[in-house]
Amino acid sequence: MRKTLSALLAIVFLIGGVFLCGCNQKTLYAYTESGFPPFEYIQDSKIHGVDIEIAKTVASEMNMRLVVKDIEFSSIAKGIKQDNAIGLGMSISEERAKKVDFSIPYVKDVFQYVIFEEGALETDQDDMVPIEELRGKKLGVQKGSSADTLITKEKDGLFQDAKVRRYENILTATQDIGHSNDYIVIDSLSALQITDNKVGLEAKRIKGLPSESYGIAVKKGNTKLLTNINNIVSRLIEEEQIQKWIEIHSTTSQDL
Ligand code: ARG
């Protein structure tokens, strides 16, 4: 009788222990590249940002433990080979959708901006930089980004004779303006964030380019995870939580 009781107690403690410590929790791996404020940035040796908030929410609602992996941007799609992996901070594109599946968009109306030394470029009546101004220039982009794809494709067209300079990290690339590159091309919010508080640098929208949207990437065919993510993301949008996170992280990532 005593034996059965203590065996029973042991089982109860074991289950309780596992439950409390979360030892049986599965891991959700989130792949991203951290030089992209306010969506991902390093502060106090830790990765923060809007995308990290979304990933944390997804992980906690699925009762999973989140592990964020900071890798080269161009390797993110390759990283999402497992069922328990997601990719953060990516524009949805047809090309990428051949390799990964995307969630519903969580940020829309993203445009390509150019970062330049104050006064180095003229804007037009709409306060935008005409593409012609960028022709023949050394344009710094993040390797594998949508700006990289677009400019490389349009080297004989829209961005005639542009020389593409590819960087792993766009924050480093910005320090190189006027040296190994003339200008940097990167998405709106990040461009504005990077130039905010930086004396001598400006960021303006490039005229005439299509808008992009961000989505969370999962392994192709991983509908279970995708459905969960879509439900969570649509709720976050409805509650205007993503917009709130953008505001918060735009303030906290100001002095990178
Ligand atoms: N919108 C661009 C793209 O998807 C740049 C994204 C950069 N993201 C990052 N986490 N570094 O190609």
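Residues numbered from 1 in each chain as written. Predicted model: local features only at pLDDT ≥ 70, side-chain atom pairs only at ≥ 80, totals over all residues. Heavy atoms only, no water.

Draft legend 1. Structural view of the overall build of the protein chain. From N to C terminus, the protein chain includes eight helices and 13 strands. Within the protein chain, buried positions represent 45% of all 256 residues. Here the analysis covers contacts within the protein chain between residues at least 6 apart in sequence; of these, 76% occur between residues at least 24 apart. Per element, the accessible surface of the protein chain, about 13400 Å² overall, is 52% carbon and sulfur. Charged side chains of the protein chain number 31 positive and 37 negative; the gap between the two group centres comes to 11 Å. (Helix = DSSP H or I, 4+ residues; strand = E, 2+ residues; numbered from the N terminus. Buried < 20%, exposed > 50% of the residue type's maximum accessible area, 1.4 Å probe, protein only. Contact = heavy atoms within 4.5 Å. Areas by Shrake-Rupley, 256 points an atom, 1.4 Å probe, with all protein chains shown as cover. Lys, Arg positive; Asp, Glu negative; His and termini not counted. Charge placed at Lys NZ, Arg CZ, Asp CG, Glu CD.)

Draft legend 2. Focus on the site of the ligand. The environment of the ligand is formed by 15 residues, the closest being E33, S91, R96, S146 and D187. Take Q142: an N or O atom from its side chain is 3.0 Å from a nitrogen atom of the ligand. Contributing elements (two or more residues each) for the shell around the ligand: β5 (85–91) and β13 (212–219). Top element by residues in the shell around the ligand is β5. It accounts for three residues. Class assignment for the residues of the shell around the ligand results in four nonpolar, six polar and five charged. (Near = heavy atom within 4 Å. Polar contact = N/O pair within 3.5 Å; in protein donor to acceptor, adjacent residues only side chain to side chain. Nonpolar A, V, L, I, M, F, W, Y, C, P; charged D, E, K, R; others polar.)

Draft legend 3. Broad picture of the nonpolar core. Counting 42 residues, the largest nonpolar core has I54, I86, I115 and I242 as the members making the most contacts within it. Other than its neighbours up to four places away in sequence, I86 contacts L28, Y29, A30, Y31, A55, I80, I216, A217, V218, L225 and I229. If you look at the next biggest cluster of nonpolar residues, it comprises 17 residues, including L121, V141, I151 and V185. (Core = buried A, V, L, I, M, F, W, Y, C linked by side-chain atoms within 4.5 Å.)

Draft legend 4. Here's a closer look at the side chain of E40. Secondary-structure assignment places E40 in the loop between β1 (26–32) and β2 (41–43). For the buried E40, no salt bridge exists, and the shortest N-O distance to an oppositely charged side chain is 10 Å, to R96. A polar contact is formed between the side chain of E40 and the side chain of T32, at a distance of 3.1 Å. Those residues in contact with E40, other than ones at most four positions away along the chain, are T32, E33, S34, G35, I47, H48, G49, D51, I52, L88 and G89. (Salt bridge = Lys/Arg side-chain N within 4 Å of Asp/Glu carboxyl O.)

Nothing here speaks to function; it is geometry throughout.
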